[in-house]
Each structure stands twice: as C-alpha cells, then as structure tokens.
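Per-entry structural report
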Amino acid sequence: MSTSATTESTAFRSALEVIRGVEPRVADAIGQEIADQRESLKLIASENYASPAVLLAMGNWLSDKYAEGTIGRRFYAGCRNVDTVESLAVEHARAIFGASHAYVQPHSGIDANLVAFWAVLSQRVESPALQRAQVRHVNDLSEQDWATLRRELGDQRMLGMSLDAGGHLTHGFRPNISGKMFDQRSYGTDPATGLLDYEALRKTAREFRPLIIVAGYSAYPRLVNFRIMREIADEVGATLMVDMAHFAGLVAGKVLTGDFDPVPHAQIVTTTTHKSLRGPRGGMVLCDAELAEHVDRGCPMVLGGPLPHVMAAKAVALAEARQIDFHAYAQRIVDNAKALAEGLLRRGARLVTGGTDNHLVLLDVSGYGLTGRQAESALLDSGVVTNRNAIPQDPNGAWYTSGIRIGTPALTTRGLGAAEMDEIADLIDTVLQRTEPATAASGKPSKAQHLLDEAVSTQVARRAADLLSAFPLYPTVDLG
Ligand SMILES: *Cc1c(COP(=O)(O)O)cnc(C)c1O
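What counts and how
Residues numbered from 1 in each chain as written. Predicted model: local features only at pLDDT ≥ 70, side-chain atom pairs only at ≥ 80, totals over all residues. Heavy atoms only, no water. Core = buried A, V, L, I, M, F, W, Y, C linked by side-chain atoms within 4.5 Å. Buried < 20%, exposed > 50% of the residue type's maximum accessible area, 1.4 Å probe, protein only. Helix = DSSP H or I, 4+ residues; strand = E, 2+ residues; numbered from the N terminus. Domains from an automatic or database assignment. Contact = heavy atoms within 4.5 Å. Expected span 1.5 Å × (residues − 1). Salt bridge = Lys/Arg side-chain N within 4 Å of Asp/Glu carboxyl O. Phe/Tyr/Trp six-rings, centres within 6.5 Å; stacked < 30°, edge-to-face > 60°. Lys NZ or Arg CZ within 6 Å of the ring centre and 35° of its normal. Pairing = 2+ DSSP bridges. Right-handed = clockwise from strand over helix to strand, strands pointing away. UniProt positions renumbered as here; feature names shortened; annotations may be inferred. Polar contact = N/O pair within 3.5 Å; in protein donor to acceptor, adjacent residues only side chain to side chain.

Time to look at the nonpolar core. In terms of nonpolar packing, the biggest core is built from 59 residues, with F97, I213, M229, F247 and L286 touching the most fellow members. Per-element accounting of this core gives the leading share, seven residues, to helix 4 (residues 80-97). Of the domains in this structure, domain 1 (62-321) and domain 2 (324-469) are the two that each give at least three residues to this core. Ignoring anything within four residues of it in the chain, the contact list for I213 reads L159, A205, M229, I232, A233, V236, A238, T239, L240 and M241. Formed by 35 residues, the second largest nonpolar core is a distinct cluster that contains L41, L43, L351 and V456.

All right, on to helix 13 (residues 308-322) then. Because each turn of an α-helix spans 3.6 residues, side chains separated by three or four positions end up pointing in the same direction. A rise of 1.5 Å per residue sets the reference length of helix 13, with its 15 residues, at 21 Å; its end C-alpha atoms lie 21 Å apart and thus fit the reference within 8%. Burial within helix 13 is extensive, with 12 of its 15 residues counted as buried. Here helix 13 has its buried residues at P308, H309, V310, M311, A312, A313, K314, A315, A317, L318, E320 and A321. On its buried face, helix 13 sits against helix 3 (52-57), helix 4, helix 10 (248-252), strand 10 (283-287) and helix 14 (325-346).

In total, this model carries 25 salt bridges according to the counting rule given. Salt-bridge contacts for R350 lead to D364; the nearest nitrogen and oxygen are separated by 2.1 Å. Linking R350 in strand 11 (residues 350-351) with D364 in strand 12 (residues 360-364), this pair joins segments that are 14 residues apart in sequence. Judged by relative accessible area, R350 falls into the partly exposed class, the value being 47%. Residue D364 is classed as buried on the basis of its relative accessible area, which comes to 5%. E376 serves as the salt-bridge partner of R388, at 2.9 Å between the closest nitrogen and oxygen. Here E376 lies in helix 15 (residues 372-381) and R388 lies in strand 14 (residues 387-389), a separation of 12 residues in the sequence. With respect to burial, R388 and E376 carry one shared label: buried.

Moving on: the packing of aromatic side chains. Under the counting rule described, the total for this entry stands at seven aromatic pairs. On the numbers, 6.3 Å between centres and 85° between planes, the contact of Y49 with Y474 is edge-to-face. Of this pair, Y49 sits in the loop between strand 1 (41-42) and helix 3 while Y474 sits in the segment after helix 19 (454-469), placing them 425 residues apart in sequence. With respect to class, Y49 is no different from Y474; both count as buried. Here F117 and F182 contribute two aromatic rings whose centre-to-centre distance is 5.3 Å and whose plane-to-plane angle is 70°, an arrangement assigned as edge-to-face. Of the two residues, F117 sits in helix 5 (residues 109-133) while F182 sits in strand 6 (residues 182-187), which places them 65 residues apart along the sequence. F117 sits in the buried class, given a relative accessible area of 1%. Given a relative accessible area of 4%, F182 falls into the buried group. Over the aromatic face of Y329 sits the side chain of R278, whose NZ or CZ is 4.0 Å from the ring centroid.

Once that is clear, we can look at the pairing of strand 7 (residues 212-216). By the criterion of burial, strand 7 is predominantly enclosed, with five of the five residues buried. Side chains I212, V214 and G216 of strand 7 all project onto a buried face; the interleaved residues I213 and A215 project onto the opposite face, where all are buried too. Where strand 5 (residues 156-161) and strand 7 come together, two bridges link them in parallel fashion. Note that in strand 7 the partner of L159 across the bridge is I213. Pairing of strand 7 with strand 8 (residues 239-243) involves five bridges; the strand directions are parallel. When the sheet's bridge partners are listed, I213 is paired in strand 8 with L240. A crossover connection joins strand 7 to the parallel strand 8 through helix 9 (residues 226-236); in handedness this β-α-β unit is right-handed.

Here the focus is the UniProt feature "binding site: (6S)-5,6,7,8-tetrahydrofolate" (unreviewed entry) in the protein. In this structure's numbering, the residues bearing the UniProt feature "binding site: (6S)-5,6,7,8-tetrahydrofolate" (unreviewed entry) are L163, G167, H168 and L169. Mapped onto the elements of the fold, H168 is located in the loop between strand 5 and helix 7 (177-181). A relative accessible area of 28% means that H168 is categorised as partly exposed. With residues up to four places along the chain from it excluded, the contact list for H168 reads L163, F173 and S218. Here T170 takes part through its side chain, which lies 2.8 Å from a polar atom of the side chain of H168. Sequence-distant contacts of L169, that is, excluding residues within four places in its chain, are made with L163, N176 and S178.

See the structure below:
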C-alpha cells in the first residue's frame, strides 16, 4: 500500500459522489458498510478486508465486456484488455502456487468446484467414451452412445469430508448439486482426538473406489497431510482434488509447505480468492498439465462470461500476495489463532482437537451449557462477530450446533496481535460464562433463545470497541 492516504480517500469519496447522484441510498449503504466494518470485531473465519487497490480494480469498464473463451481465443471481439488482466492473474497464480496451470474465471468457490468436478468427469469419463466411439466431439456421438455417456456421467462416486468434521456443502452433500451429481460417501475425524483419521479414510476408499477424493475444509483447525491423501487416491485410482478455499492465503504465504501444501500433491486444486487470500470475491482452479484443457472448458461447461473486472482485482490481489510482507501476514494469522486458542484454553474452554495449527479455532460451547446458536447470538449482542458451526458428532445438528468457529485472517489484516487475541479470548469467555439458555414455551431449555445480562453485553461491547480503536480499519480511507 504505497499510495498516499489522500489519493485513496479522494478515489472513494469521488466514487460515492458519482453514485449518490443517481441513487443516494446505494451510496449511503456503501458508506455505512465501511462504518459498520470499522466497528465490528470480525472473527468470521471466511472473511477478510481486501485492499483499496483490489476494491478499486473492480469498479470500472472491464465489467462491460463479454469475454467467453480463454486468453487469446474468445468468442467475442475486442478482448485485448481482458486478455491482459486474465493473463496477469494467471501468471501471478502460477508463480505463487507453483502450479502448471491456473484458471481464474470462476465467479465463486462453488463455481470453481463445479468446474473441477466437470473437468475430472470430462477427462476420465467423457474423453474415454469419445475415444471408444472414435469421434472427437460429443455432438458426433450416436443417440445411443450419448445416452450411455449421460448415464455414466451421472453414475460416478466421490468421497469427501463430512460436514460435521469440517467439510463443505459442495463436497457431495445432498442439498448441493454435488450431492445430486455424485454417489457420495464421507470420511471424518477420530472421535477420540478430533483429528482426521487417514486409516479409516483409506479403508473407505478401498471399499468405495471413488472417482474423486475431495480434501479441504471450512471448519477443521488442524493441518491436512496431502501427501498421504494422494497416496490413498493413487492406491484406489481416484483423482485427488483439494479445495483450499479457506487456507489458500496460508499456502500463498508459505506457512503451509511440504506435505501440507496441496498444490504439488493434488491433480486439481480449487479455491476462493476472498478468504485468507484477501482478494476480491471469486474463485480459481489450479491443475496438472493433463487436466488443463478440461479445466479451460469451465466456460461453457458450467460458467457463462467471466467477470473481467473481478479478474483484474484477482491479478492485483495475487500481485500483493507475491510481495514478501504477505508471508509475514500469513504467519501472523496462524500465530494469532494459536494465541487465541491458548487464551481460551487457559480460561477453561474446550476446543475441538485441543487447539489449532491454522487460521481457525473451533470452540465447543456445550461446556458452557449452550448451543452454538445461543453462543453466536450472545457474542453478537456483545459486539463479537463469529458464526456457529457443527462439531464432530454434534448432538444439536447443523442448525443449532454445539460449536463456534473463530478465525483470525480479518483481524490480522487490521493489525491485531497476540496480546489482543488474549483480550478477545477473555471477551468470549466472559460472555459465554454469563449466558444461559432461555426457557422455551414447553418449559424445557430453549436451543435458540438465550439470556444475557445487558450490563455484561454492554461492557464487553465497550471493551471490544476500545480494542479496535487502536487498529483503524482502512486507515488511508477517510470519507469525511
Ligand atoms: C467458502 C467455501 C466454498 C464456497 O465459496 P463461495 O465463494 O461462497 O461459493 C467452497 N469450499 C469451501 C471449502 C469453502 O470454505
């Protein structure tokens, strides 16, 4: 961030003035959003604060272009500037992650996963069918061969991490299209330790023989050994796909290396760009050379036109992530998560797996006699923003849950360090100690409502505000 405060303030002020001229309520909402974010103790593990350069790269004329196709091979004319920004994003992504191929068009994490699933299906199911029929294109298949191929595409197996162990909805769960596309089974964690159980996973993989094994998570606080995951995938003939949506920033910042860096081990890696990677809201796919042509068919397979303005912002964010300070940022995310975990443990809290190795902590709130939903609301009333999350074998299910997920990427961007993490642990523990379940109409303890003395929530909110006042958010942006 080398430009002067005045330049950034002027840029955002002018933009708001222009918007205000057309629909003042939108300008007000945008202005209110930065005010709200400045006041919020944001511990949501999947959120961050993108830089002014990333934000500004999204608001411009690149948004007006259709650019279906790939760099240099578009279905529309006049795409040279889109080619430039997409090439830059690809070049930075390949360099940061050491990937042989990068595809930066997916609009979100879920889109990146769909591109990846269909790339593997295209490589391993569709291509062999075309070869057998000795044709080059699906349009050249006979009606009968096409019907057979469609059935085959719909009859593949996938093995993904279970939701309550920290997996994601897009890893084969029925409400999501991935669960409708694939016959899915889950692997999970060892009930005794809360750690990923590789031997149980190996056993399930041997029995189930999936086409794809999906690794990666949204709520697992430990390292995943991707070398072992690849060994298991190879043994059963599966393609290893890693969804690093949450921890891509830790990979880019070289905190996760060797066995814990998914890129050298998986054939295909997907990510969001807006979580720990700190870019614009979007997705990305990295893959081996053999999968590249299949991944590049993401459009028209599951995507329409790419978002060129967002690809521009991805290029800017990835350029930032190539700078050496990003390594220090990634290390501080993990140091802060550890400090937060230690602070909670010292105060008697129970953490799933007993701690953390990454950017998040999963707090089991059943020890406080609360559901995740009650804990989440009580913390929110006190100015502490987290989200509820299921824990392994959660007795309260996926809606009420028994856990709170707490992440450090956003507050680390804001500059908070280990001392502040200890204070935050105290805020969280204070709120949860003083919160009780309300009584439902049936006379039983409610799973949804909670009771918390307003004096406590007000006092904690004041302490949270004090903590944040020393770490201004977007210090170079003054909207006046
Ligand atoms: C957040 C997340 C996604 C989805 O990302 P969106 O951009 O919200 O679609 C996919 N996979 C994992 C593991 C995630 O954590």
